[in-house]
Amino acid sequence: MSKVLVSLVTGAASGLGKATVERLVKDGHKVIMCDLPTSLGKTVAETIGSNTNFVPVDVRSETDVQNAIDTCKNLHGKLDLIVNCAGVSLARKVYNFNKSSAHDLEEFINVLMVNTVGSFNVIRLGVALIGSNEPDENGQRGVVINTSGYSAYDGQTGQVAFAASKGAIAAMTLPLARDMALQGIRHCSIAPGLFDTPLINHLPSKVKNYFADMTLSPKRFGKPEEFADLVVNIFNNPFFNGEVIRLDGGIRFI
Ligand SMILES: NC(=O)c1ccc[n+]([C@@H]2O[C@H](COP(=O)([O-])OP(=O)(O)OC[C@H]3O[C@@H](n4cnc5c(N)ncnc54)[C@H](O)[C@@H]3O)[C@@H](O)[C@H]2O)c1
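Description of the structure in this document. Predicted model only: the values in this text are computed from it and were never measured.

## With respect to the side chain of His-29
Among the secondary structure elements, His-29 is positioned in strand β2 (residues 29–35). The buried category is assigned to His-29, whose relative accessible area is 3%. Separated by 2.8 Å, the side chains of His-29 and Ser-7 make a polar contact. Excluding residues that lie within four positions of it along the chain, His-29 makes contacts with Leu-5, Ser-7, Leu-24, Asn-51, Leu-81 and Phe-235.

## Here's the deal with the sheet that holds strand β1 (residues 5–10)
With parallel pairing, 7 strands are arranged side by side in an open sheet as β3-β2-β1-β4-β7-β8-β9. Pairing within the sheet leaves two strands with one partner each, and these edge strands are β3 (52–56) and β9 (243–247). Along the sheet, successive strands turn relative to each other by an average axial angle of 20°, direction set aside. Where β2 meets β3, 5 bridges bridge the pair, whose relative direction is parallel. Along β3, the bridge assignment pairs Ile-32 with Asn-53.

## A word on the site of the ligand
Near the ligand you find 27 residues, and of these Ser-14, Leu-16, Asp-35, Phe-195 and Thr-197 are the closest. Cys-85 places a main-chain nitrogen or oxygen 3.5 Å from an oxygen atom of the ligand. Thr-197 places a side-chain nitrogen or oxygen 2.5 Å from an oxygen atom of the ligand. Its free accessible area being 830 Å², the ligand has 93% of it covered by the protein chains. Of all the elements in the fold, those that place two or more residues in the shell around the ligand are α1 (15–26) and α6 (160–179). Here the shell around the ligand is composed, by residue class, of 15 nonpolar, 8 polar and 4 charged.

Conventions adopted
- Residues numbered from 1 in each chain as written.
- Predicted model: local features only at pLDDT ≥ 70, side-chain atom pairs only at ≥ 80, totals over all residues.
- Heavy atoms only, no water.
- Helix = DSSP H or I, 4+ residues; strand = E, 2+ residues; numbered from the N terminus.
- Buried < 20%, exposed > 50% of the residue type's maximum accessible area, 1.4 Å probe, protein only.
- Polar contact = N/O pair within 3.5 Å; in protein donor to acceptor, adjacent residues only side chain to side chain.
- Contact = heavy atoms within 4.5 Å.
- Pairing = 2+ DSSP bridges.
- Axes fitted to C-alpha atoms, helices over the stretch in contact; angles between N-to-C directions.
- Near = heavy atom within 4 Å.
- Areas by Shrake-Rupley, 256 points an atom, 1.4 Å probe, with all protein chains shown as cover.
- Nonpolar A, V, L, I, M, F, W, Y, C, P; charged D, E, K, R; others polar.

Here it is, written out as structure tokens:
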């Protein structure tokens, strides 16, 4: 009889997280879907089917995240994979010299709180459950995959907060893997280029076409299913560890 696999995905109601849930369910995982209570998470979970459970979670909240982990434990008794996709973006220059106004500090803090602190919050509480798994033939108990971004390497004007949040995820990846090597918990991050999700809906089509053309090949945005495909590859390949993988069609911003 094949082993039941259990995953927890944040940002699961939309974009990369939603595509990841769909793929994991297709591959036979049971999935705890975490997203904001105001999101479409409940509806999305009902549409995807019986192997999903939506748990309203603000990744910044210790109580919410612990509740999601406890729900996972009560429903399935284990956890094999965490995929952190919850995130927000912001386009704001450090100082607007026309209006003599500085980048709002709360806005900067919020991007860091959701993208970086939120991911860390889910990892620090979630690995306790992964760590209680029996090790497999490689001495491994489970996997954590975080979402960094191209901005970790070539952040654009107006992306100071976003780049800081994604650079931190990239920098955390190796020490996370080192911290949990003894327990056999692998950590990788995916750094997406531009993907066709609601996160970038605000961009005018002229700008979208410009960015698509900058992509080396294929000349388009990434498809969320391509992100999900890499998640599954990382999960299934025991030698992926401590690494940030760019998934961006070769785009480099100058
Ligand atoms: N789409 C891109 O081009 C792109 C590029 C680089 C990085 N990323 C990163 O990929 C990840 C997924 O983005 P996406 O494109 O799927 O965006 P999206 O907006 O479609 O999905 C993000 C999800 O995160 C949820 N979320 C936001 N704040 C939350 C919070 N505090 N707690 C719980 N959930 C919260 C939202 O409700 C939403 O469902 C993000 O971390 C984003 O920064 C995306």
